[in-house]
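Structure at a glance
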Amino acid sequence: MNERTLPQLVADYLSLQGHETVVVTDGPGDGGRDIHSQNSGSNFLTQCKYHAALKKTVSSKEISELPMAMVKLGIKQGLFVTNSKISPQAKREFIDNYPGLTLSFIDGLTLARIVLDSAILRALWVSGTSASEVNRAVSFVVIARDMLLDRPIRLRESSEYATEIRQLIENANLELQISAGTACSLESMPKYAPPARRTISEFGNHISGLGIVVRGPSVLQSLDRIIDQVQRAIAASLGQNTHVAVRTARPSLIPLGGPHAGAVISFDTAMPSTLRCGPGSAVESEHEYLWPGDRWHAPQRLSGSIAHAVGWFNPKLNAILDINLPHRMDADTRSREDLFDEDRIRWCIDSLFILAPPERVQLNEHQGGPPLPPSLNISWPDGRIIAAWLHPYLVSNFVSLSIEPDVEEADEDPFALHIETFKEAIRNISNWCSATPDIELVPSEKARHMLAAVGFHLLPSTPFMAFRSIDLLRGALPSPFSTQQRELFFSICWWLPPQARTINEALTFLRTNYSSEDVTYQIDSNPNRKPGSYIICKVQGPTGRPECSTREMLDSWEPNLTAHTERIESLFREGGFVATRDSERYWSEELFVDFSLA
């Protein structure tokens, strides 16, 4: 190698490690070059020290140039790289003498191992027993989606945005090739969400879009910037007329010389990104578009056991935000749901449905009631109730039968051991129905329609899949995400210590004096905590449209939420109740959710 190729190799290595805006500059001293980059949003400084004599050892003075430069520039993270050796004393002084800095080093032997262990670096730099840089190209495919119509947009190589892309790439001294109708595998676009109705651009396991190929020696270090510029140019142009999402597939690297010339190497660690834009709005990432904004703090603990309670906290409003994110099903998911519906119909047939006076079903077995309480009670307009004993597969989330096996193998059906128990219970309940005069058996098909008439759907038919806040927080949403019916819900908690009037009186007072379809109340009394109870007020917020970001929805709805909160707070005072608004304490002490407010 030489003093020019060493920093170029290190710049490639940093790019593959996720560093952004990697720029090589002249460094202090002979044979030294600096590399400035961004690592997880923070400035990062790398110094490369080349020695023609590989057996020469880097001195303490040479290695100390990096931390001195970091202190001068106010940079906290640094890396020292050499193609030769570093003495043990220099290593100790490098690590021990600068406790306020995060420092690391790579010597020649370690660098060789890094290159040989990386398929990309090996293809770009190794030729026989020597290291020499080869020219390279990077290719990726871009697609666009009209999010109002939920259909693909055909990207053209002769459009206005293509002209802008060419100008941007030429300014970076790189070569560009644009090809419309370029196909890529869906494996290169993980978490891809196809439109509700596919077009000819999607076929089998492939999708076609605008193919981008960029050539040049520094293309690897500029890759993130190139992808972002391409996406932004397309989104800004198309977003003038409609709400659009622009998504890229994983890029691939193509060495143009050396023993690996022509090989296509996928960046498997790179995650595709999506940008969104609409008329009158700026280009932003899909994550920014769905995220509530800086005023809402995300939880630090994302346990599955509290998935139902996970949301964002706003200290100013003292409220918790939960987002319901329905997403339109694609044809493949809809087909799988149709197959699953066939199973659900069979489970309905195996279930038992009756119409009975409420008091009859509420009695226990010794008082003339059923041998087993029903798993479902729904009021019917004539005063009777529809009671059901549902198959465990159908309502595994709320079935009243004891169906949890004592010992469960990893791949064992948790209900299989109890299906016979369920069938035996149904036989006993059927015998009870036959011997009880005021019980009317209802066929399963008729029962499904009766339940649907009163708003309870055993076989829900919906074109949407349901996602929640925890899916957004974990980055588990498909993309491009269709937000046709995005819903915002707020929870505000009041702590009521023991007082002359009971918690139930407080709840009745609120419901009597402030009744709204958008506001519901519930009590949480935990006997294990200190005396007192919480009243949780849940407020349904706005339903979003694709052209409106979550942040914009919250900004416009905040006055409404404030009005709800102030009205409830005044009611507590009017009713003579002592109540303290303290949503954060409820979430932290009862649900162990940490918002880590700084």
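Note that the structure is predicted; figures quoted are calculated from it, not measured.

The rules behind the values
- Residues numbered from 1 in each chain as written.
- Predicted model: local features only at pLDDT ≥ 70, side-chain atom pairs only at ≥ 80, totals over all residues.
- Heavy atoms only, no water.
- Pairing = 2+ DSSP bridges.
- Helix = DSSP H or I, 4+ residues; strand = E, 2+ residues; numbered from the N terminus.
- Axes fitted to C-alpha atoms, helices over the stretch in contact; angles between N-to-C directions.
- Contact = heavy atoms within 4.5 Å.
- Buried < 20%, exposed > 50% of the residue type's maximum accessible area, 1.4 Å probe, protein only.
- Parallel < 35°, antiparallel > 145°, perpendicular 65-115°, else oblique.
- Left-handed = near helix turned anticlockwise from the far one by under 90°.
- Nonpolar A, V, L, I, M, F, W, Y, C, P; charged D, E, K, R; others polar.
- 1 Å grid on protein atoms, 1.4 Å probe; cavity = no way out; pocket = protein on both sides within 12 Å on 5 of 7 lines; lining within 4 Å.
- Points joined across faces, edges and corners; volume = space filled by probe spheres on them.
- Phe/Tyr/Trp six-rings, centres within 6.5 Å; stacked < 30°, edge-to-face > 60°.
- Lys NZ or Arg CZ within 6 Å of the ring centre and 35° of its normal.
- Expected span 1.5 Å × (residues − 1).
- Arc of directions from axis to C-beta.
- Polar contact = N/O pair within 3.5 Å; in protein donor to acceptor, adjacent residues only side chain to side chain.

**Some words on the sheet that holds strand 25 (residues 440-442)**
- Sheet architecture is open: four strands sit in the order 23-24-22-25, paired in antiparallel fashion. The sheet is open, and its two borders are formed by strand 23 (376-379) and strand 25, each paired with just one other strand. Adjacent strand axes in the sheet meet at a mean angle of 25°, parallel and antiparallel pairs treated alike.
- Where strand 22 (residues 352-356) lies against strand 24 (residues 385-389), five bridges are found, and the strand directions are antiparallel. Bridged to F353 within strand 24 is A388.
- Strand contacts of helix 12 (residues 419-434): strand 22, strand 24 and strand 25, with the helix running at about 30° to strand 22, the strand carrying the most contacts.

**Description of the pairing of strand 15 (residues 244-248)**
- Within strand 15, five of the five residues are buried, which leaves it mostly tucked inside the rest of the structure.
- Residues V244, V246 and T248 line one face of strand 15 and the alternating positions A245 and R247 line the opposite face, and both faces are buried.
- Direction of pairing for strand 10 (residues 136-146) relative to strand 15: antiparallel, over a ladder of five bridges. If you follow R145 over to strand 15, its bridge partner there is A245.
- Pairing geometry for strand 15 and strand 18 (residues 274-277), over four bridges, is antiparallel. Opposite A245, over in strand 18, you have R276 as the bridge partner.

**Section: the packing of helix 7 (residues 160-171) against helix 8 (residues 223-238)**
- In the contact formed by helix 7 and helix 8, the axes pass within 9 Å of each other and the chain directions differ by 155°. With respect to each other, helix 7 and helix 8 are oriented roughly antiparallel. Read as a crossing pair, helix 7 and helix 8 show a hand that is right-handed. Of helix 8, the residues touching helix 7 (which contributes Y161, E164, I165, L168 and I169) are I226, Q229, V230, A233, I234, S237 and L238.
- When its residues are assigned to classes, the contact of helix 7 with helix 8 shows nine nonpolar, two polar and one charged.

**Quick notes on unusual backbone geometry**
- In this model, S479 is joined to P480 through a cis peptide bond whose omega is 0°.
- Tracing the backbone shows P480 in the loop between helix 14 (469-473) and strand 27 (487-496).
- Unusually for a residue other than glycine, D150 sits at a positive phi of about 55°.
- Note on placement: D150 falls in the loop between strand 10 and strand 11 (151-153).

**Let's talk about the layout of surface pockets**
- Approximately 1100 Å³ is the volume found for the largest pocket.
- Around the largest pocket, the lining is made up of 44 residues, and of these S15, H19, L220, L223 and D224 lie nearest the centre.
- Mapped onto the lining of the largest pocket, the elements with two or more residues apiece are helix 1 (5-16), strand 1 (20-26), helix 5 (108-117), helix 6 (119-125) and helix 8.
- Looking at the lining of the largest pocket, the element that brings in the most residues is helix 8, giving six residues.

**A look at the packing of aromatic side chains**
- Applying the stated criterion across every chain, the model contains 10 aromatic pairs.
- On the basis of an interplanar angle of 70° and a centroid distance of 4.8 Å, the ring pair of Y534 and Y586 is categorised as edge-to-face. Here the residue Y534 occupies a position in strand 29 (residues 533-543), and Y586 occupies one in helix 17 (residues 583-590), the gap between them amounting to 52 residues.
- Relative accessible area serves as the criterion here: at 7%, Y586 is assigned to the buried category.
- One aromatic cluster is present, formed by W495, Y534, Y586 and W587 through successive ring pairs.
- Over the aromatic face of Y289 sits the side chain of R276, whose NZ or CZ is 4.1 Å from the ring centroid.
- One residue, R585, lies across the ring of W495, its end atom 5.0 Å from the ring centre.

**Some remarks on the environment of F572**
- Inspection of the secondary structure puts F572 in helix 16 (residues 550-574).
- For the pair formed by F572 and A506, sequence separation is 66 residues and the distance between their alpha carbons is 7.7 Å.
- Beyond its immediate stretch of four places on either side in the chain, F572 contacts W494, L496, L510, I535, F577 and A579.

**A short note on the side chain of S444**
- Relative to the elements of secondary structure, S444 occurs in helix 13 (residues 444-453).
- Excluding residues that lie within four positions of it along the chain, S444 makes contacts with C348, I349 and F353.

**Considering helix 12**
- Counted at 1.5 Å a residue, the expected span for helix 12 with its 16 residues is 22 Å, and the 23 Å between its end C-alpha atoms agrees.
- Within the span of helix 12, buried status applies to I419, F422, A425, I426, I429, W432 and C433. Buried residues of helix 12 fall within an arc of 130° about the axis and therefore sit on the same side. Pointing more than 90 degrees away from the buried face of helix 12 are the exposed residues E420, N431 and S434.

**Observations concerning the environment of K316**
- Assignment of secondary structure puts K316 in the loop between strand 20 (312-314) and strand 21 (319-328).
- A relative accessible area of 65% places K316 in the exposed class.
- For K316 and R295, which are 21 residues apart along the polypeptide, the C-alpha to C-alpha distance reads 8.3 Å.
- Side chain to side chain, K316 and E558 meet in a polar contact 3.4 Å long.

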